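Structural overview for review
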Amino acid sequence: MSGTRLAAPDPVRVLARSDPADATTGFARRGGRIITRAAFLRDVAALARLLPAREHMVNLCQDRYRLTVGFAAALSRGQVSLLPPSEAPDVLARLAHDHPDLYCLTDMAPPDPPLPWLAYPDTLAPTTAPLPPVPVDRLAAVLFTSGSTGQPRPHPRAWGTLVAAADAAGRRLGIDALAGASLIGTVPHQHSYGLESLVLLALRHRLVLECGRDLLPADIRARLEAAPPPRVLVTTPLHLRLLLAQPDPLPPVALVICATAPLAPDQAHAAEARFGGVLMEIYGCTEAGQIAARRPTQDPSWRCLDGFALRQDPAGRSWVRGPTGSGEVELSDLIDLREDGGFRLGARTADQVNIAGKRGSLAHLTHHLAAIEGVLDAAFVVDDDDARARPVGRLAAVAVAPGLSRETILAALRRRIDPAFLPRPLCLLPALPRDRLGKLSRAELLGLVRAARGTAPATGQADCGFAADHPTAAGHFPGNPVIPGAVLLAEIRASLRAHGLDGLPRAARFHRPVRPGDRLHLVWHAAAEGTRFSATIIGDPAPAVTGLLAAVPAVTGLFDAVPAAIGLFGAVPAPGQTR
């Protein structure tokens, strides 16, 4: 994969300003120990010498410092960092299919499916080798859409594009006035937002990167209390909402950076009051990166970062162009350009609904549902399958509201929104299946709604299968390809989810191998303990795999379910060699 050729191929160093002070200036804090900027550069040079001669690195490091060292080492070797939306086996298998020369850098267990991998060493041999400047047109990373609306798609970023955006964001956020501040994040560093607002801010500005990644409100608070002021917190609306719900005083935070969804005005004001600092929101997308910023307590309009420009075509579509001549990107949001140069955000095109001649947006409806006292989390969704049988798709909603009845919530909602938009049904759940950024998969929401509505069949059957060139065929096993059990169960689970059923594998027996090119006939029936299934290879009546999907257990807090989506590798150190 080649990157877009930039207009000015001048080299840029990994750190914005390298000088003798780097020997004492902190770059990261790991395990309570400060790692200086000079030590970071030595680690980058040492790791770069160990990297295999391949073009693509999948950086799976969970430790934020190690991921940053790996990213910079790959950059110095001319390698492209692939940052997938998850470490799920099927995602990695697809990456391997698209990039046959890839290898994985990991500080956890070896990747599944088996791929060439390098364990991040426990110690790195000291070296004084200098890091070369990196041309701005060098392809540095490939990020991927989350896949919530379809198959994840790659979006390459050149080094100059990342540098220009990070420098522009730093100026807008006033980062230079916070030199030496502790940089704390609740977001995954493999995501576009985490890469730009954590890794790149640390590389390009004199902040001290906190290496822990905390999800539970108590852990975030503890991380803030342990970090010396001034503090910068990079977070999401969902994490912020949970933090603000804590009754005890919060540690002072000089700058709160928030993204992934616009904040409600009252939440923004509450955040500044509780933290005693400034809250800034970032607007962007995986396709284009960070584009604009605003301080919502002062001005509801967004303003582009230096070097970014918006335009609208005659059809009303909005396009953004960055500062490095890397081309235009179409935006999914409705943009209302203002005469003063700012803009307001409308609903995403796919977010709009039209019922009984009345227009609304899912985000607007979700805001009103979540604002009801006692509702901890919520989301609206439109059932497209229902729309095929009806003139207008049916609105449904899910909510986490311990102690509240459906009737109570609907009565409160009726006072807030037009009755035409009341959800049918409203499903009350112990938790919503949010990912690491707090986002929700539409497919999973529909599965929950259909199960609650009773349209998920108690028994049924479907066909699924694997292409003859399925990416697991090359390495599992050479000469005798077999679909790995984890990939097989993921495909079965996806087929059941499409019919409104879901759960976690609680038992499975593999009776005979399933190979690339095989088609499966899946039969299931609902039982008290979950959904029992049996899959046979078409043309062979004997079962290939049988098992049980049990319902996801109830949880007491919104983030209790998040670590399960992250801890796919366990905590086993990996051996120290590529293979």
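In every chain, residue numbers begin from 1 and rise along the written sequence. Local features in this predicted model are restricted to residues of pLDDT 70 or higher, and side-chain atom pairs are both shown and tallied only at a pLDDT of 80 or more, whereas totals for entire chains, interfaces and linings draw on every residue. In computing side-chain values, all of the structure's heavy atoms are included and hydrogens and water are not.

**Here we look at the sheet that holds strand 27 (residues 426-428)**
Each pair of strands is called paired provided DSSP finds at least two bridges between the two strands. Numbering of helices and strands starts at the N terminus; helices are DSSP runs of H or I of at least 4 residues and strands are runs of E of at least 2. Pairing is mixed in the open sheet, where 3 strands are placed in the order 25-26-27. At either margin of the open sheet sits one strand with a lone partner, and together these are strand 25 (377-383) and strand 27. Geometrically, the sheet is characterised by an average inter-axis angle of 20° between neighbouring strands, direction not taken into account. With 7 bridges joining them, strand 25 and strand 26 (residues 394-400) adopt antiparallel strand pairing. The partner of Val381 across the bridge, within strand 26, is Ala396. Here helix 9 (residues 362-370) sits on the sheet and contacts strand 25, strand 26 and strand 27; the angle it forms with strand 25, its principal contact strand, is near 145°. Axes here mean lines fitted to C-alpha atoms, for a helix over just the part in contact, with angles spanning 0 to 180 degrees between N-to-C directions. Should any heavy atoms of two residues lie within 4.5 Å, those residues are counted as being in contact.

**Observations concerning the side chain of Asp313**
Tracing the chain through its elements places Asp313 in the loop between strand 18 (309-312) and strand 19 (318-321). A distance of 3.1 Å separates polar atoms of two side chains, one belonging to Asp313 and the other to Trp319. For the purposes of these results, a polar contact is taken to be a pair of N or O atoms within 3.5 Å, where, inside protein, one atom must be able to donate a hydrogen and its partner to accept one; residues adjacent in sequence count only when each atom of the pair is a side-chain atom.

**Some points on the nonpolar core**
What we call a nonpolar core is a set of buried Ala, Val, Leu, Ile, Met, Phe, Trp, Tyr and Cys residues that are connected through their side-chain atoms within 4.5 Å. In this scheme, a residue with accessible area under 20% of its type's maximum is buried, one over 50% is exposed, and one in between is partly exposed, where area comes from a 1.4 Å probe on protein chains only. Formed by 82 residues in total, the largest nonpolar core has its most connected members in Phe40, Tyr65, Trp159, Leu183, Ile257 and Ile291. When residues no more than four places from it in sequence are discounted, the contact partners of Ile291 are Tyr283, Gly284, Cys285, Cys304, Leu305, Phe308, Val320 and Leu331. Within the second largest apolar cluster, 21 residues are counted, among which are Val353, Ala370, Ala378 and Phe421.

**Things to note about empty space enclosed by the protein**
Residues are called lining when one of their atoms sits within 4 Å of a cavity or pocket point, these points coming from a 1 Å grid over the protein atoms alone, where a cavity is a set in which a 1.4 Å probe fits but cannot get out and a pocket is an open set with protein on both sides within 12 Å along at least five of seven lines. Grid points are joined across faces, edges and corners, and a volume is the space filled by probe spheres set on the points. In total, this model carries 1 cavity of 30 Å³ or more according to the counting rule given. By volume, the largest cavity amounts to about 50 Å³. Taken together, 11 residues line the largest cavity, and the ones lying closest to its centre are Leu83, Pro85, Phe144, Gln190 and His191. In this count, Pro and Cys sit with the nonpolar residues alongside Ala, Val, Leu, Ile, Met, Phe, Trp and Tyr, while Asp, Glu, Lys and Arg are called charged and the others, Gly among them, polar. Among the residues forming the lining of the largest cavity, the class breakdown is 5 nonpolar, 6 polar and no charged.

**Here's the deal with unusual backbone geometry**
Omega for the bond connecting Pro229 with Pro230 falls within 30 degrees of zero, at -5°, which places this linkage in the cis form. Examined against the element boundaries, Pro230 turns out to sit in the loop between helix 6 (217-226) and strand 13 (231-235). Note the cis peptide between Arg424 and Pro425, where omega equals 10°. Here Pro425 lies in the loop between helix 11 (406-414) and strand 27.

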